[in-house]
Amino acid sequence: MQVVILADGAAVADYGAKVFKQQIAQKPNSVLGLATGSTPLALYQRLIAAYQAAELSFAQVKTFNLDEYLGLAPEHPQSYRAFMQQHLFAHIDINPEHTHVPLGAAADPWQACMDYEQLIKSASGIDLQLLGLGRNGHIGFNEPTSSLQSRTRIKTLTAQTITDNARFFKVGEYQPHLSITMGIGTILEAKKIMLLATGSAKAPAVQALVEGPLSAVCPASALQLHPQAIVVVDEAAASALQHQAFYRHVAKETAALYQRFQRQP
């Protein structure tokens, strides 16, 4: 696992956008796994700016989002489909038919989960998967004790996740307690994974993810099993890491190695 420690959230977003731009440049028809929440917003803003500056095109790209609230229709303002439309899809040249979000309002949500898995397989898998990190270590909506081999499924949200996400809902507005989420096994099949985390509130989860044991209690620790996982954090999110000096040393040596052989990481 590669751990990249940067100064602040802006630097994290810059780094993340650079990885996405490199991916699309190398493979214009990339299949991208996307995430919602506050952390990816700055990255999406940078991708929109790059598109508007004619630095990249999403015309051939396909996307798959990690999760969706069960019971919310795509047009619901709090749905993750609406979030993606507002913060990314409406501002780039992506084909709407190539954007996929789990169908939270499906008449048969269990079948919708199986269909989503098949859609990913039909696209030949995800090339680059973006992840955020919950304070309890969740990735997607895979809450603590989720199976490390789980597939796309219905998941009950923890009280902490519901509380953390309550800020996105108006007082008195219905807030779902269930979701459809890619499973950890599904996520680990992505060819490359990049997790972003910022702020001191995420520091314990970052430490458990990187330095803790591989455990379903911290779902994100499953990234320890992936051959191309990058964890990109700011100073505050990295504050609980015990081996920061080593991670910085590795980053420096890795950059020098790629520069020596004139290759992209």
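To be clear, the structure that these remarks concern was listed above.
What counts, and at which threshold
- Residues numbered from 1 in each chain as written.
- Predicted model: local features only at pLDDT ≥ 70, side-chain atom pairs only at ≥ 80, totals over all residues.
- Heavy atoms only, no water.
- Phe/Tyr/Trp six-rings, centres within 6.5 Å; stacked < 30°, edge-to-face > 60°.
- Helix = DSSP H or I, 4+ residues; strand = E, 2+ residues; numbered from the N terminus.
- Buried < 20%, exposed > 50% of the residue type's maximum accessible area, 1.4 Å probe, protein only.
- Axes fitted to C-alpha atoms, helices over the stretch in contact; angles between N-to-C directions.
- Parallel < 35°, antiparallel > 145°, perpendicular 65-115°, else oblique.
- Contact = heavy atoms within 4.5 Å.
- Nonpolar A, V, L, I, M, F, W, Y, C, P; charged D, E, K, R; others polar.
- Pairing = 2+ DSSP bridges.
- 1 Å grid on protein atoms, 1.4 Å probe; cavity = no way out; pocket = protein on both sides within 12 Å on 5 of 7 lines; lining within 4 Å.
- Points joined across faces, edges and corners; volume = space filled by probe spheres on them.
- Core = buried A, V, L, I, M, F, W, Y, C linked by side-chain atoms within 4.5 Å.
- Salt bridge = Lys/Arg side-chain N within 4 Å of Asp/Glu carboxyl O.

(A) Spotlight on the packing of aromatic side chains. Within this structure, the stated rule accounts for 6 aromatic pairs. Note on Tyr69 and Tyr80: the rings are 4.9 Å apart at their centroids and 45° apart in plane angle, and the pair reads as tilted. Here the residue Tyr69 occupies a position in strand S4 (residues 67–69), and Tyr80 occupies one in helix H3 (residues 80–87), the gap between them amounting to 11 residues. We note that Tyr69, like Tyr80, is buried. Among the aromatic residues, those joined into a ring-pair cluster are Tyr69, Tyr80, Phe141 and Phe169.

(B) Region of interest: the packing of helix H2 (residues 41–52) against H3. As a packed pair, H2 and H3 sit with axes 10 Å apart at the nearest point and diverge in direction by 40°. When the interaxial angle is binned, H2 and H3 end up oblique. Contacts between H2 and H3 involve Leu41, Tyr44 and Ile48 on the former and, on the latter, Phe83, Met84 and His87. Here the contact of H2 with H3 is composed, by residue class, of 5 nonpolar, 1 polar and no charged.

(C) Geometry of the sheet that holds strand S7 (residues 153–156). On the basis of which strands lie adjacent, the open sheet formed by 3 strands has the order S4-S8-S7 and antiparallel pairing. Edge strands, defined here as strands with exactly one partner in the open sheet, are S4 and S7. Sheet twist, expressed as the average angle between the axes of neighbouring strands with direction ignored, equals 30°. As paired strands, S4 and strand S8 (residues 178–181) are joined by 3 bridges and run antiparallel to one another. Looking at S8, one finds that Asp67 is bridged to Thr181. Strand contacts of helix H4 (residues 109–122): S7 and S8, with the helix running at about 120° to S7, the strand carrying the most contacts.

(D) The arrangement of H3 in detail. Along H3, the residues that are buried comprise Tyr80, Ala82, Phe83 and Met84. Against strand S2 (31–34), H2, strand S3 (62–65), S4 and helix H5 (159–165) lie the buried residues of H3.

(E) Quick look at empty space enclosed by the protein. If you walk through the whole model with that rule in mind, you get 1 cavity of 30 Å³ or more. One number sums up the size of the largest cavity: a volume of about 30 Å³. Of the residues assigned to the lining of the largest cavity, the class counts are 8 nonpolar, 1 polar and no charged.

(F) Region of interest: the nonpolar core. Formed by 62 residues in total, the largest nonpolar core has its most connected members in Phe20, Tyr44, Met194 and Leu195. Ignoring any residue separated from it by four or fewer positions in sequence, one finds Met194 in contact with Gly16, Val19, Phe20, Leu43, Leu128, Gln129, Leu130, Leu131, Ile230 and Val232. Counting residues in each nonpolar core, the second largest holds 7 residues, with Tyr69, Leu72, Leu157 and Ile162 among its members.

(G) View of the pattern of salt bridges. Counted by the stated rule, this structure contains 8 salt bridges. Among the ionic pairs, Arg46 bridges to Asp14, the shortest N-O distance being 2.5 Å. A residue pair is termed long-range when its members are at least 10 positions apart, and Arg46 in helix H2 and Asp14 in helix H1 (residues 9–26) qualify at 32 residues. On the basis of relative accessibility, which here comes to 25%, the residue Arg46 falls in the partly exposed class. A relative accessible area of 42% places Asp14 in the partly exposed class. Taking the shortest distance from any N to any O, the salt bridge between Glu55 and Lys21 comes out at 3.8 Å. Note that Glu55 is positioned in the loop between H2 and S3 and Lys21 in helix H1, a separation of 34 residues in sequence. On the basis of relative accessible area, Lys21 is assigned to the partly exposed category, the value being 30%. Connected through salt bridges with shared partners, the residues Lys27, Asp127 and Lys191 form a single ionic network.

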